[in-house]
Amino acid sequence: MTPREDPRLAEARALPIGEVAERLGIAGLKPPQAIERVGPCPVCGGRDRFGINTARNVYNCRHCGGGDAIALVELVKGCDFRAALDWLMGAREVEIDPAELARRKAAREKDARERSKQAEAARRNAIAQARAIWQACRPAEDSPVRDYLARRGITKALLPALPDCLRFHPDLPYMVPAAGNRGSWREIHRGPAMVALVQAPGGRGSGIHRTWLDLGQPKGKAVITHDGETLAAKKTLGSVKGGAIRLARSQGTRAMVVGEGIETTLTALVAGGLPGAAYWAGISLGNMAGRRITRGKGMRYAGMPDLDDLQAWLPPAGVEHLVFIQDGDSDPRSTRAQLLSGLRRARARVPSVQRISIVHAGEGRDLNDVLMGDDT
Ligand SMILES: [Zn+2]
């Protein structure tokens, strides 16, 4: 019997990922009761690059990749699939009576339905909240958003009109899940914020991206601390996967430049390397990459997309040349693997895409060189 046919497989995969993480000694994921909990990776460290999602029953590390409970055991124990399964389910080949097996299967399916119902309700709620915030915003023009972007080198002279997908909120609350009280939230900061609309592939607004501002800080972003930790000044709300912030042009372009953040992407836009191109912010590296195939020897950095991920981001039909911007601030090998995954998915799934390129932000090699030069 090969491990893939092992009858314990479904049962192992259905074990709650939170419990598996606890059994593996992964501590300090926050917030403790939330569906999504983040913290340091048990393997590669960091501060918040690792997370589990109890609704989807998966884990992900921005560096090591992600997967189900079995993959998590493989990652943490450094063992193979079979050993991970043995560790999770106990090594004995137990004989269980068919009625008991059927009962367990039904219980698993009920749990899964319950989890997905909860996740769907949470998703709808977040989209409604995002929409309400977006509608309460005012135009970004002549607001502190201008000053914030100017500080990042994106001046009014370089970008005379701000994109419609950017707005300003004068007093936006920053909420965190309340400790020990599932489903309730607590405000830990409020202040001015740049709010960007996230659009789903069809163009419908599905979420927002928020950057809390404090022009008194060197980088113009608010410094938000909670329980002695500095939290990210940027957060998304709503449904973001597969979406993008459409900073310049949306449809009908043959070239598209996608950076992770709003600032990086606008910097590329005002640098003006690709005339007529669309410039979209991909929100996060994970969103640009989609699900990857990381299991197997040498696969972690191979940049192979999992083409079964049907929710992953794709450029619109008609784009022929897709350029991803690689930021300099994270692990270059892992970042490149993620960007390659997204680019290769686009080439495989969108027939018009013929060229894919990676351009390094701030490396002195401008977009025009990429347009004229070599391909990835
Ligand atoms: Zn890791």
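So, how was this worked out
Residues numbered from 1 in each chain as written. Predicted model: local features only at pLDDT ≥ 70, side-chain atom pairs only at ≥ 80, totals over all residues. Heavy atoms only, no water. Buried < 20%, exposed > 50% of the residue type's maximum accessible area, 1.4 Å probe, protein only. Helix = DSSP H or I, 4+ residues; strand = E, 2+ residues; numbered from the N terminus. Pairing = 2+ DSSP bridges. Domains from an automatic or database assignment. Contact = heavy atoms within 4.5 Å. Buried area = accessible area lost by both parts, 1.4 Å probe. Salt bridge = Lys/Arg side-chain N within 4 Å of Asp/Glu carboxyl O. Polar contact = N/O pair within 3.5 Å; in protein donor to acceptor, adjacent residues only side chain to side chain.

Re the pairing of strand 13 (residues 255-259)
Counting buried residues in strand 13 gives five out of five residues, a clear majority hidden from the surface. Going residue by residue along strand 13, you find Ala 255, Val 257 and Gly 259 tucked away on one face and Met 256 and Val 258 tucked away on the opposite face as well. In this structure, strand 13 lies alongside strand 15 (residues 321-326), joined through four bridges in parallel fashion. Residue Val 257 lies in a different strand from strand 15, and its bridge partner there is Val 323.

Here's the deal with the domain arrangement of the protein
On domain assignment, one finds that the protein holds domain 1 (3-89), domain 2 (136-239) and domain 3 (241-376). Taken residue by residue, the interface counts 12 residues in domain 1 and eight residues in domain 3. Buried area between domain 1 and domain 3, summed over both chains or domains, comes out near 700 Å², and the portion from carbon and sulfur atoms is 31%. It is Arg 62, His 63 and Cys 64 that lose the most area in domain 1 upon contact with domain 3, and together they represent 53% of the buried surface on that side. When the shortest N-O distance is used, the salt bridge between Glu 74 and Arg 295 registers 3.2 Å. Where domain 1 packs against domain 3, one counts four residue pairs in polar contact (both at pLDDT 80 or more). At the level of elements, strand 4 (65-67) and helix 3 (69-77) are the ones that each hand at least two residues to the side of domain 1 that touches domain 3. For the side of domain 1 that touches domain 3, the element with the most residues is helix 3, which contributes four residues.

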